[in-house]
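Okay, here's what each chain looks like letter by letter:
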Amino acid sequence: MSGRTMRGLRFARHGGPEVLSWDEVAVPEPGPGEVLVRVRAFAVNWADLLERAGRYPGAPTPPYVTGHDLTGVVAALGPGTVGPAVGTRVFGVIPRGGAAAEFVAAPADQVHPVPEALSDVQAAGAAGPYLTADAAVVTMGRLAEGEDVLVHAAAGAYGSACVQLCRAYGAGRIIATAGSDAKTEQVRRWGADVVVNYTTTDFAEVVREVTGGRGVPLVLESVGGDVLGRSLDCVRPGGRLVSVGASSGRSSDRFRLHTLFELGISVSGFTLGRWLEHHPELVRPSVDRVLRLLGDRGAVPVVGRVFPAAEVAAAHEFLADRRSVGRTVVTMTPAP
């Protein structure tokens, strides 16, 4: 592949969607233990928006090819790489980025064969939300059969995965929040028992009412800010709160060390990308469960909107405006 070029999505400086451009860049060479994937589609994440805006900790200095979640076909194997074999349809999360391009080189253990039940568009956005949700629900959240759970931002990619996995894994009542009446109806169809439009209703009051004032054993949170603060009022003593992000861009003033003493709860968090890069053994059980569940159609990835590569800036705006239900996906056919 040496000397070949391709189109890759980059930004030369931080800013709004207008800084994105499809540039001519070198086709990467897969190294030892890596595969080269011809990308068919990629998802737009909140992490992509924060990186572009210069607000994502640890992101490289521009310009660089952005994108993390993808589906495609293995085009070549690096030295000593056993598989997946050339021609295999794969999907996955690439923590170091580069997925928004015609080709990407990635560690072989970060991509997985796509279950036959999934289309390319569904697969493009499935790995990140479902692996994160599984780790939050099972590994960190320790959901027990019959336990009630509160899922925030349940109409989004991660939230919709949480609702489906909690239902598949035997949760009791699933209480969920969403940002509009239309979204609350969608979330009910995915399996939530009680759905709150957080723009018009205090979700903490609803949780207290539904649980007889006790609160829920588990809260799955990804918004930060006031939502995180109010969620502390929803966890019963001895319960767990798992936070995997801050789409609001803010932390909570209420989250103090003394809060843990007062409430007697456990608070945990993680970033899937760091686990994939540095602690892959923590993700392997989630990979196995998620592949099995998606293959059996026990969970179906939700795609809210599909954009062609030429309209990738509009895809960023669509997600930033919180209009998406489920995943926002960009297709690379035809290439930009």
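Anything mentioned here points back to the structure above.
Residues numbered from 1 in each chain as written. Predicted model: local features only at pLDDT ≥ 70, side-chain atom pairs only at ≥ 80, totals over all residues. Heavy atoms only, no water.

K.L.:
Got a sec to walk through the overall build of the protein chain? Specific residues and values, please.
P.N.:
A tally of regular secondary structure across the protein chain gives 11 helices and 15 strands. Expressed along its principal axes, the backbone C-alpha trace of the protein chain runs to roughly 65 × 40 × 35 Å. In the protein chain, of all internal contacts separated by at least 6 residues, the share reaching a separation of at least 24 is 68%. Accessible surface computed for the protein chain: about 13,900 Å², of which carbon and sulfur atoms make up 51%. (Helix = DSSP H or I, 4+ residues; strand = E, 2+ residues; numbered from the N terminus. Contact = heavy atoms within 4.5 Å. Areas by Shrake-Rupley, 256 points an atom, 1.4 Å probe, with all protein chains shown as cover.)

K.L.:
Give me the nonpolar core: which residues, what numbers.
P.N.:
Judged by nonpolar contacts, the single largest core of 48 residues is most densely connected at Val187 and Leu220. Mapped by element, the contributors of at least two residues to this core are β5 (89-93), α3 (127-140), β8 (149-151), α4 (157-168), β9 (174-178), β11 (216-221), α9 (272-278) and α10 (280-295). Take this core: its biggest share by element is eight residues, from α3. Each residue touching Val187, except ones within four places of it in the same chain, is listed here: Ala154, Ala155, Val163, Ala176, Ala178, Ala192 and Val195. (Core = buried A, V, L, I, M, F, W, Y, C linked by side-chain atoms within 4.5 Å. Buried < 20%, exposed > 50% of the residue type's maximum accessible area, 1.4 Å probe, protein only.)

K.L.:
Tell me what's going on with the pattern of salt bridges, and back it up with residues and numbers.
P.N.:
Taken as a whole and assessed by the stated rule, the structure comprises 15 salt bridges. As a salt-bridge pair, Glu147 and Arg240 come within 2.8 Å of each other at their nearest N and O atoms. Of this pair, Glu147 sits in the loop between α3 and β8 while Arg240 sits in strand β12 (residues 235-243), placing them 93 residues apart in sequence. Considered together, Glu147 and Arg240 belong to a single accessibility category, that of buried residues. Salt-bridge contacts for Arg188 lead to Glu185; the nearest nitrogen and oxygen are separated by 2.8 Å. Pair noted here: Arg188 and Glu185 are both in helix α5 (residues 181-189), with a separation of three residues, about one helical turn. Among the residues examined, Glu185 registers a relative accessible area of 40% and is labelled partly exposed. Within the structure, one salt-bridge network assembled from shared partners comprises Arg40, Arg89 and Asp120. (Salt bridge = Lys/Arg side-chain N within 4 Å of Asp/Glu carboxyl O.)

K.L.:
Can you explain the packing of α3 against α4? Please cite residues and give values.
P.N.:
Where α3 contacts α4, the two axes come as close as 8 Å, and the packing angle between them is 55°. The orientation of α3 relative to α4 falls into the category oblique. As α3 runs across α4, the sense of the crossing is right-handed. Counted together, Pro129, Tyr130, Thr132, Ala133, Asp134, Ala136 and Val137 of α3 and Ala157, Tyr158, Ala161, Cys162, Gln164, Leu165 and Cys166 of α4 form the full contact between these two elements. By residue class, the composition of the contact of α3 with α4 is 11 nonpolar, two polar and one charged. (Axes fitted to C-alpha atoms, helices over the stretch in contact; angles between N-to-C directions. Parallel < 35°, antiparallel > 145°, perpendicular 65-115°, else oblique. Left-handed = near helix turned anticlockwise from the far one by under 90°. Nonpolar A, V, L, I, M, F, W, Y, C, P; charged D, E, K, R; others polar.)

K.L.:
Tell me about the environment of Pro63, residues and numbers included.
P.N.:
Structurally, Pro63 can be placed in the loop between α1 (46-53) and β4 (69-77). Considering only alpha carbons, one finds Pro63 and Arg10, 53 residues apart in sequence, at a separation of 6.0 Å. Residues within four places of Pro63 in sequence aside, it is in contact with Arg10, Phe11 and Ala12.

K.L.:
Describe the environment of Asp48, with residues and values.
P.N.:
Structurally, Asp48 is set in helix α1. On the basis of relative accessibility, which here comes to 3%, the residue Asp48 falls in the buried class. Taking the C-alpha atoms as reference, Asp48 lies 6.3 Å from Gly67; in sequence the two are 19 residues apart. Setting aside residues up to four positions removed in sequence, Asp48 forms contacts with Ala43, Thr66, Gly67, His68 and His316. At 2.8 Å, the side chain of Asp48 forms a polar contact with the backbone nitrogen of Asn45. (Polar contact = N/O pair within 3.5 Å; in protein donor to acceptor, adjacent residues only side chain to side chain.)

K.L.:
Talk me through the packing of aromatic side chains; I want residue IDs and the actual numbers.
P.N.:
This structure, assessed with the given rule, holds four aromatic pairs. Between Arg305 and the ring centre of Phe318, over which it is positioned, the NZ or CZ distance is 5.3 Å. (Phe/Tyr/Trp six-rings, centres within 6.5 Å; stacked < 30°, edge-to-face > 60°. Lys NZ or Arg CZ within 6 Å of the ring centre and 35° of its normal.)

K.L.:
Outline α5, listing residues and values.
P.N.:
When α5 is considered as a whole, its buried residues turn out to be Lys183, Thr184 and Val187. One side of α5 carries all its buried residues, which in axial view fall inside an arc of 100°. Exposed side chains of α5 directed beyond 90 degrees from the buried face belong to Asp181, Ala182 and Arg189. On its buried face, α5 is in contact with α4, β9 and β10 (194-197). (Arc of directions from axis to C-beta.)

K.L.:
A description of unusual backbone geometry should follow, citing residues and the corresponding values.
P.N.:
Keep in mind that most residues, glycine aside, have a negative phi and that most peptide bonds are trans. The omega torsion across Pro62 and Pro63 is 0°, close enough to zero to call that bond cis. Note that the residue after Gly83, namely Pro84, is joined by a cis bond; omega there is 5°. Residue position: Pro84 is located in the loop between β4 and β5. One non-glycine residue, Arg142, adopts positive backbone phi at about 50°. Along the chain, Arg142 turns up in the loop between α3 and β8. Relative accessible area serves as the criterion here: at 48%, Arg142 is assigned to the partly exposed category.

K.L.:
Could you give an account of the sheet that holds β11, naming the residues involved and the relevant values?
P.N.:
Strand order in the open sheet formed by six strands is β10-β9-β8-β11-β12-β13, with parallel pairing between adjacent strands. Each having just a single partner strand, β10 and β13 (266-269) make up the two edges of the open sheet. Adjacent strand axes in the sheet meet at a mean angle of 15° when their direction is disregarded. Bridge analysis of β9 against β10 gives four bridges, and the strand direction is parallel. (Pairing = 2+ DSSP bridges.)

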